[in-house]
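One letter stands for each residue in the lines below.
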Amino acid sequence: MEKRIINPWEWQNERSYVQAVEVTKPEGTLYISGQTAIDDDGKSSTSNMKAQLIQAIENLESVIKQAGYECENIVRLNIYTTSSEELFLCFDVFQNWITEHNIKQASTVLEVKSLFETLKVELEATVVK
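Now for a look at the structure at hand. Along every chain, residues carry numbers that run from 1 in the direction the sequence is written. Reporting in this predicted model follows two pLDDT cut-offs: at least 70 for local features of residues, and 80 or more for side-chain atom pairs to be given and counted; totals over whole chains, interfaces and linings ignore these cut-offs and use all residues. Side-chain metrics in this entry use all non-hydrogen atoms of the structure; hydrogen atoms and water are not considered.

Attention now goes to helix 3 (residues 91-100). Here the term buried applies to any residue with accessible area under 20% of the maximum for its type, exposed to any over 50%, and partly exposed to those in between, with areas from a 1.4 Å probe on protein chains only. Where helices and strands are cited, they refer to DSSP runs of H or I of at least four residues and of E of at least two residues respectively, numbered from the N terminus. Buried within helix 3 we find Phe91, Val93, Phe94, Trp97 and Ile98. One side of helix 3 carries all its buried residues, which in axial view fall inside an arc of 155°. Opposite the buried face of helix 3, at more than 90 degrees from it, the exposed residues are Asn96, Thr99 and Glu100. Two residues form a contact once any of their heavy atoms are found within 4.5 Å. Tucked into the core, helix 3 has its buried residues touching helix 1 (49-66), strand 4 (74-81) and helix 2 (84-89). Positive phi appears at Asn102, one or two residues downstream of helix 3, with a value of about 50°. The arc refers to the directions leading from the helix axis to the C-beta atoms.

Bringing the layout of surface pockets into the picture now. A pocket here means an open set of points on a 1 Å grid, computed over the protein atoms alone, that has protein on both sides within 12 Å along at least five of seven lines. A cavity is instead a set of points where a 1.4 Å probe fits but cannot get out; residues with an atom within 4 Å of a point line either one. Grid points are joined across faces, edges and corners, and a volume is the space filled by probe spheres set on the points. The computed volume of the largest pocket comes to approximately 160 Å³. Residue lining of the largest pocket: Asn13, Ser16, Tyr17, Val18, Gln95, Ile98, Thr99, Asn102, Ile103 and Lys104, and that is the complete set. Considered class by class, the residues forming the lining of the largest pocket number four nonpolar, five polar and one charged. Amino acids are sorted into nonpolar (Ala, Val, Leu, Ile, Met, Phe, Trp, Tyr, Cys and Pro), charged (Asp, Glu, Lys and Arg) and polar (every other residue, Gly among them).

Salt bridges, as used here, are contacts in which a Lys or Arg side-chain nitrogen is within 4 Å of a carboxyl oxygen on Asp or Glu. Scanning the model with the defined rule gives three salt bridges in all. Residues Glu22 and Arg4 are paired through a salt bridge, measuring 2.8 Å at the closest nitrogen-oxygen approach. Here Glu22 is found in strand 2 (residues 20-24), whereas its partner Arg4 is found in strand 1 (residues 2-6), with 18 residues between them in sequence. For Arg4, a relative accessible area of 48% translates into the label partly exposed. A salt bridge links Glu86 to Lys120, with the nearest nitrogen and oxygen atoms 3.9 Å apart. In this pair, Glu86 is assigned in helix 2 and Lys120 in the loop between strand 5 (106-111) and strand 6 (121-128), connecting sequence segments 34 residues apart.

When DSSP finds two or more bridges between two strands, those strands count as paired. Reading across from one edge, 3-6-4-5 is the order of the four strands in this open sheet, with mixed pairing throughout. The open sheet is flanked by strand 3 (29-35) and strand 5, the only strands paired with a single partner. Along the sheet, successive strands turn relative to each other by an average axial angle of 10°, direction set aside. Note that strand 3 and strand 6 share five bridges and pair antiparallel. Each bridged residue has a counterpart across the sheet, and for Thr29 the counterpart in strand 6 is Val128. With respect to the sheet, helix 1 is in contact with strand 3, strand 4 and strand 6, its orientation differing from that of strand 6 by roughly 25°. What counts as an axis is a line fitted to C-alpha atoms, over the stretch in contact for a helix, and the angles between N-to-C directions run from 0 to 180 degrees.

Another point: the packing of aromatic side chains. Both the distance between ring centres and the angle between the ring planes are used here to describe each pair of aromatic rings. Pairing of aromatic side chains here covers Phe, Tyr and the six-membered ring of Trp, requires ring centres within 6.5 Å, and sorts the geometry by plane angle: under 30 degrees stacked, over 60 edge-to-face, intermediate tilted. In this structure the tally under the stated criterion is five aromatic pairs. Arranged with centres 5.0 Å apart and planes meeting at 35°, the rings of Phe91 and Phe94 form a pair that is tilted. You can see Phe91 and its partner Phe94 sitting in helix 3, three residues apart, about one turn around the helix. There is no split in this pair, since Phe91 and Phe94 are both buried. A network of ring pairs unites the aromatic residues Phe88, Phe91, Phe94 and Trp97 as a single cluster. Positioned above the aromatic ring of Tyr69 is the side chain of Lys129, whose terminal nitrogen or guanidinium carbon lies 4.7 Å from the ring centre. Either the NZ atom of lysine or the CZ atom of arginine qualifies as a charge over a ring when it sits within 6 Å of the ring centre and within 35 degrees of the ring normal.

Structure follows, in structure tokens:
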């Protein structure tokens with residue numbers, strides 16, 4: 001697999017995403033359903049945004065590893081949240097995770113009216129190898 005990052009500007013770098021990712025010659029593509037703060041027993045979290053974001057990231061990592069892929073090869077990561085304001089108060093958690101795994105992904109952040117049950121944030125990803 002070969003990846004090429006397209007960034008006509010530099011301002012997006014501070015926001016932990018890229019404008020576009022071109023992938024050529026992939027061996028496989030993994031399309032991951034939205035991952036949230038749901039525990040191993042299927043119970044939705046009632047915790048605050050930061051705790052839910054951490055658990056959603058952990059769940060996303062679990063799916064990626066179980067499938068035999070690597071976080072650094074995430075090429076698309078959409079974030080759905082019930083409160084952009086709350087999300088951006090703990091966005092450093094997300095940015096630190098992106099940096100730790102050297103992820104260069106195209107992203108969209110969407111504020112939605114609600115998510116399943118008590119959930120506040122959902123991460124939807126595409127990963128290549």
